[in-house]
Amino acid sequence: MLKGVSFSLFASLLFGLMYYLAIHLRPLSGEGVFGIRMVVTLPFLFLSLFLFKQTDAFLAFLARIKQQPSLLLVMLLTSSIVGSQMWLFLWAPNSGKAIEVSMGYLLMPIVMVAFGRFMYKEPLSRLKKWAIGFALVGVLSNILLTGKLSWESLFVCTGYPIYFHLRRKFGISHLHSFVLEIVFLIPISLYFMHQVDMAYIESENSHIYVFIALLGLISGSALISYTMASTILPFNVLGLLGYVEPCFMLIISFLIGERLAQESYLLMGSLLVAILLLTLDGLSVLRRQRKHFKRG
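Bear in mind that the values here come from a model prediction, so they are computed numbers and not experimental data.

**Topic: the UniProt feature "transmembrane region" (unreviewed entry) in the chain**
Link 1 in the chain: Residues given the UniProt feature "transmembrane region" (unreviewed entry) here are residues 7-26, 32-52, 72-90, 102-120, 178-196, 208-228, 235-256 and 268-286.
Link 2 in the chain: Counted over residues 102-120, helix gives 100% and strand 0%. Its end C-alpha atoms are 27 Å apart.

Spelled out as structure tokens, the structure:
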């Protein structure tokens, strides 16, 4: 258990570092960073297939797609969703939108709980209902005070639940399908890279190739660490630790100089309370499971 927790926390820390690394990739555009990230991360994904002995499963999945060509359309859709989320992740810190994206990641667990209730009829505990209530109050207050909820926050908190739903519905919730999703993104990534004037970028940022190497190393290491955690930890524990990443992202947002607008104080406070309630709910579930295990 301790090893799994360590891997999960390390992965969250690496994702937070990657958020911070984005500002050192200037003057690369968001599209340029996205293209480079996909290309330098792909070798680590294939390495993870080898490390976790998933190569045979990957080949079997390719055979499944050959037998079910319609699955290819689903994979293209999930690939476009996860690709757009990865683009947004590294675009935000250089566009003054790091806090908005961080709030989207804070809001996402609550949206996923609500999504599970309405799509899969999953029961809601009292604490989960309170969490959804606090999040709803925060969102409504933000809309009333600002006239909108930022599209960046909305894009994150709705995009991933749809992505996970499609993967679950079509039985593609595994590592080898994710590798294939990134493979599908390589053509557009190469196109974006082709548009980059590296001579100009290097003249403005003499250490750009060092930071690109770090991008590949951090991105790949984060993925492998998270995958290792997911193979060790129970789902509930993994879900609880998933709240650490958006907190790191929020801290990084403040460190790079962004400030929370006064109109968003209530939203942020409500989301933090909602996350705390979900954490307490998860801990209570774990406590009940331990008692049941001891009795068994």
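Text resumes after the structure shown.
**Considering helix 3 (residues 55-67)**
Link 1 in the chain: In this model helix 3 runs 19 Å from its N-terminal to its C-terminal C-alpha over 13 residues, within 8% of the 18 Å that 1.5 Å per residue would give.
Link 2 in the chain: Along helix 3, the positions that sit buried rather than exposed are F58, F61 and I65. For helix 3, the angular spread of the buried residues around the axis is 55°, confining them to a single face. Seen from the buried face of helix 3, the exposed residues on the opposite side, beyond 90 degrees, are D56, L59, K66 and Q67.

**Overview of the layout of surface pockets**
Link 1 in the chain: If you add up the space inside the second largest pocket, you get close to 280 Å³.
Link 2 in the chain: Surrounding the second largest pocket, 20 residues form its lining, E100, M103, K148, S150 and S264 being those nearest its centre.
Link 3 in the chain: Going through the elements one at a time, helix 5 (98-120), helix 6 (126-146) and helix 7 (151-169) are the ones with two or more residues in the lining of the second largest pocket.
Link 4 in the chain: When its residues are assigned to classes, the lining of the second largest pocket shows seven nonpolar, six polar and seven charged.

**Observations regarding the packing of aromatic side chains**
Link 1 in the chain: Tallying each qualifying case throughout the model produces 13 aromatic pairs.
Link 2 in the chain: On the basis of an interplanar angle of 50° and a centroid distance of 6.1 Å, the ring pair of Y105 and Y160 is categorised as tilted. Taken as a pair, Y105 in helix 5 and Y160 in helix 7 lie far apart in primary sequence, 55 residues in all.
Link 3 in the chain: Between Y160 and F164 the ring centres are 5.8 Å apart and the planes differ by 20°, which places this aromatic pair in the stacked class. On the criterion of helical spacing, the pair formed by Y160 and F164 is a turn pair, its members being four residues apart in helix 7.
Link 4 in the chain: The exposure class assigned to Y160 is buried, which follows from its relative accessible area of 13%.

What counts and what doesn't
- Residues numbered from 1 in each chain as written.
- Predicted model: local features only at pLDDT ≥ 70, side-chain atom pairs only at ≥ 80, totals over all residues.
- Heavy atoms only, no water.
- UniProt positions renumbered as here; feature names shortened; annotations may be inferred.
- Helix = DSSP H or I, 4+ residues; strand = E, 2+ residues; numbered from the N terminus.
- Expected span 1.5 Å × (residues − 1).
- Buried < 20%, exposed > 50% of the residue type's maximum accessible area, 1.4 Å probe, protein only.
- Arc of directions from axis to C-beta.
- 1 Å grid on protein atoms, 1.4 Å probe; cavity = no way out; pocket = protein on both sides within 12 Å on 5 of 7 lines; lining within 4 Å.
- Points joined across faces, edges and corners; volume = space filled by probe spheres on them.
- Nonpolar A, V, L, I, M, F, W, Y, C, P; charged D, E, K, R; others polar.
- Phe/Tyr/Trp six-rings, centres within 6.5 Å; stacked < 30°, edge-to-face > 60°.

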